[in-house]
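# Geometric and topological summary
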Amino acid sequence: MTVKALLEEVQRACRNAVENRHRYAVFLCSSQLDDRLVKLAKKVYAAYLQERDGGEKKGDENGLLIVGRSAFLEIARDKFEGKFIHFKESPKVLGETYSSLILDLTEGFHPNDLGIIVETISEGGIIIILSPSLETWNNLVGRWHEELISEPYSIEDVVPRFYRRFIRRSLESEGIIIFDADRRKILKKYEFSKKRESREEIEIPAEEREIKKKLYKLCATQDQVRVLQLFETFFDRAKERKAVVITADRGRGKTAVLGIVTPYLISRMQRVLKRPVRIMVVAPTPQSVQTYFKFLMKGLVRQGMRDFKVKESNGMVTVVNSKFARVEYTVPRRALIEKDYADIIIVDEAASIDVPVLWEITEGSRYTIFSSTIHGYEGAGRGFSIRFMKRLEADESVEIQRIHMEEPIRYGRDDPIERWLYDVLLLDAQPAELDEEDIESIKRGKLEFEPIDKDRLMEDEKLLREFFGIYVLAHYRNRPSDLVILSDMPNHLPFRVKVNDKTVCSLHIAVEGGMDDEVIDKIASGYKPKGQIIPDLVLKHYWNYGFPKLKGIRIVRIATHPAVMDIGIGTFALNGVVDYARNTDLDWAGSGFGVSPELLRFWMRNGFTPVHITPQRNEISGEHTVIVLKPLKMHVESIVEELSSDFIRRLVEYLSDELRDLETETALLLLRSLLRDSNVPKPDFGKVERKRMKKYFGGMSLYEYVSDIARPLVRYHYSRSDRIELDEDEEYVVVAKCLQLKPWHDIRAEKSFRTLLKVLQKLWRHYYEGGEEN
């Protein structure tokens, strides 16, 4: 079989792809990347263009995208015309559209990059993949693996299970041609079976409407038209607040349609407010909203609002300002501060934001619009759909309108390349379906905990999809790279809890520590070791040189099947993994997570002690990260106690500075975790201070006149492990006012003035009039 046969197959596939409005891929497999292989890619591309354009030299309307590493790009520049980008620049093409793609995978690839790049290609497009030989995939250790491997392991310890599955599933997928360029042989021919019509005809509503027809004409699918129709009644509120929730898989045009509808929202609101409308657009990164701003500007022109100014940051639009409105992008952390100034809050990629942060941003907003990716590679899951929406629905003051978008923007429905991408990256993994028998077995305690052999996990599709399906549903920050880390890295291990051989809890564990003196000295000098999160943190923040020598497990992820949450499965799983760690002679167990009261209670209830919190919120998720530890051996207990003591001493100080905006409920839980007295001296108050406090307790003075005494008193109280007992309200008020220095109107306890006086009186009596002074 010759190259001629390949080119004929390429053209046959092209005819089918154009007719069915989908894309297809051609793997050109070779033992080496050289001029010969790139020339073959050029021939394939030329044959594709000839078939697509009917022999006419039309060129590529949306352009050719060429992606790879430096060696490939150097060879390719002489042979192709188009946009050349290195893999590391992949995020820059998010939201862009190209006709075709030349993609170099000869040295492997980062799975997150693959999703971003391939999804830019439009219907009828060809994706030409330069690939190593099929056999090479089975032992291919890419450059990306080198970035991940943890000390003391080396690249020789990596097993490329992800790449093995990738090429195996590619061989089984529709819409793909695989050609052995060394032996000039087609290994897999093009296949595609049509299931339904690929496109729904666009019909703009003819009846009376408020949104201009010019805006409707910007819609690329009927789904986008339906979203605009939904917004026709956006301002007809039946309740105090209004929320629209748009969900979709990737590439459905939800971000674009938000930009299209915004000029209408501005027009309606500006007429009522008689001032410029303030719209806050919240998203994890500015890249993710560039499509929004592109269509916003198109829409403003069509709405007759042509006179606007654009502000850019690092080449990306972040503000569009005019006499009608100011539309501004903000990261979640900043949105927490500025939310009260917005008339409308638009949250794009809502699933990428921690649920408590998302709730705080939007709580009290009169008009809120959420868009969320259900299956996506930029870190989207359905924690938003399950946890956030449940809370929103429970709020009786909010009227909710929902719409789900199914039709892709760039290509037709049932596109085989999208199905292939979702398969190899596990974007559409689903947890097991649990029946009544399974639920009953769980209630009767018939749960089993087990480690999973990684070869078995990657070869058993049912097990793999059940395992990762739970993560897709439970976590807001899922990426395809998580699968590679777990499957390929030697110190990462999977475990599960099962019932009737169905996965009901998935665990991802990393073994850390066991470092020698040389590496420890390097870390102390500023070196950041790969994959050694907890040992690195303990050394750099507490200067404990012995801890990194100890070996332990970091629980990277633990997630329970959403149908059986809050019935003890998570605790059962943690007990199982702690027993595993003890049986394998490990010293500690720990974890790091975006803190919320709910999560913190779970970990503390299971014997884990907080030892660190990041003072700053994460820019993207808007959360603070907490590290927790559990000693597994006697000699480690004293280490954790010492860390706890030092942590609480620092926390008491942080709460009046960077952690002022930490949820007070979270602060209380952290303060209650103290295992051993912190080294804080008892404040020495003289006669004048004592008289001032007596006057305050007698109702003749205000808190503001004794706060200089009250604050050190409260700091001392929380530095001690044998504290006097306070009830929930008392603790809430004293921490919020005396440690976090919050204004009275931010303290949501009833009779907070009186409550604080009562608490301070208790503390004063205990530490200065009895108790300790006797």
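The structure displayed is predicted, hence computed values, not measured ones.

Within the chain, the regular secondary structure consists of 29 helices and 22 strands. For the chain, whose C-alpha radius of gyration is 29 Å, the value lies close to the compact-globule estimate of 28 Å for 774 residues. Dimensions along the principal axes, computed over C-alpha positions, put the chain at roughly 100 × 70 × 55 Å. By residue count, 60% of the 774 residues in the chain fall in the buried class. Partitioning the contacts of the chain with sequence separation of at least 6, the portion at a separation of at least 24 is 73%.

On to the nonpolar core. Core analysis: the largest hydrophobic core is formed by 89 residues, its most contacted members being Y718 and L760. In this view, L760 contacts Y696, F697, Y703, A710, L713, V714, V734 and C738; residues no more than four positions away in its chain are not counted. By size, the runner-up hydrophobic cluster in this structure holds 53 residues, among which are L134, Y163, L426 and I452.

The next point concerns the sheet that holds strand 7 (residues 185-188). Backbone-to-backbone hydrogen bonds pair the strands of a sheet. The strands run either parallel or antiparallel. Judged by pairing direction, the sheet is mixed, and its seven strands sit side by side in the order 3-2-4-5-1-6-7 without closing on themselves. Each edge of the sheet is formed by a strand with only one pairing partner; in this case those strands are strand 3 (83-86) and strand 7. Adjacent strand axes in the sheet meet at a mean angle of 20 degrees when their direction is disregarded. Pairing between strand 1 (residues 24-30) and strand 5 (residues 126-132): seven bridges, direction parallel. Its bridge partner being in strand 5, L28 is matched across the sheet by L130.

Take unusual backbone geometry next. In this model, E151 is joined to P152 through a cis peptide bond whose omega is 5 degrees. Mapped onto the elements, P152 comes out in the loop between helix 6 (143-148) and helix 7 (161-171). Of note, R21 is a non-glycine position whose phi angle comes to about 55 degrees, a positive value. Of note, R21 is situated in the loop between helix 1 (3-20) and strand 1. Using a relative accessible area of 34% as the deciding quantity, one classes R21 as partly exposed. The phi torsion at W543 lies on the positive side, around 50 degrees, for a residue other than glycine. You can see W543 is positioned in the loop between helix 21 (533-542) and strand 19 (551-560).

This paragraph deals with the confidence of the model for the chain. Looking at the chain as a whole, the pLDDT averages 91, with 96% of positions reaching at least 70. Here residues 377-381 is a poorly scored stretch, pLDDT under 50, and it has 33 contacts once near neighbours within four places are set aside; other chains count.

The terminal C-alpha atoms of helix 27 (residues 707-718) lie 16 Å apart, and with 12 residues this matches the ideal 16 Å at 1.5 Å per residue to within 8%. Most of helix 27 is tucked away: nine of the 12 residues are buried. Residues of helix 27 that are buried: S707, I709, A710, P712, L713, V714, Y716, H717 and Y718. Residues of helix 27 that are buried in the fold lie against helix 24 (634-654), helix 25 (664-671), helix 26 (687-697), helix 28 (728-739) and helix 29 (752-769).

All right, on to the packing of helix 7 against helix 15 (residues 416-424) then. Direction vectors running N to C along helix 7 and helix 15 enclose 150 degrees, while the axes themselves pass 10 Å from each other. Judged on the interaxial angle alone, helix 15 and helix 7 are roughly antiparallel. The two elements helix 7 and helix 15 cross, and the hand of that crossing is right-handed. For the pair formed by helix 7 and helix 15, the contact residues are F162, R165, F166, R169 and S170 on the first element and W420, D423 and V424 on the second. Class assignment for the residues of the contact of helix 7 with helix 15 results in four nonpolar, one polar and three charged.

Right, let's talk about helix 9 (residues 222-231) for a bit. Side chains of residues three or four places apart in an α-helix project in the same direction, reflecting 3.6 residues per turn. For helix 9, the tally of buried residues reaches eight of 10 residues, placing the bulk of the element in the interior. Regarding helix 9, the residues found buried are Q222, D223, Q224, V225, V227, L228, L230 and F231. On the buried face of helix 9, the contacting elements are helix 8 (213-216), strand 8 (241-248), helix 10 (254-273), strand 14 (367-373) and strand 15 (398-405).

Definitions and limits used
- Residues numbered from 1 in each chain as written.
- Predicted model: local features only at pLDDT ≥ 70, side-chain atom pairs only at ≥ 80, totals over all residues.
- Heavy atoms only, no water.
- Helix = DSSP H or I, 4+ residues; strand = E, 2+ residues; numbered from the N terminus.
- Rg over C-alpha atoms; globule rule 2.2 N^0.38 Å.
- Buried < 20%, exposed > 50% of the residue type's maximum accessible area, 1.4 Å probe, protein only.
- Contact = heavy atoms within 4.5 Å.
- Core = buried A, V, L, I, M, F, W, Y, C linked by side-chain atoms within 4.5 Å.
- Pairing = 2+ DSSP bridges.
- Axes fitted to C-alpha atoms, helices over the stretch in contact; angles between N-to-C directions.
- pLDDT = per-residue confidence, 0-100.
- Expected span 1.5 Å × (residues − 1).
- Parallel < 35°, antiparallel > 145°, perpendicular 65-115°, else oblique.
- Left-handed = near helix turned anticlockwise from the far one by under 90°.
- Nonpolar A, V, L, I, M, F, W, Y, C, P; charged D, E, K, R; others polar.

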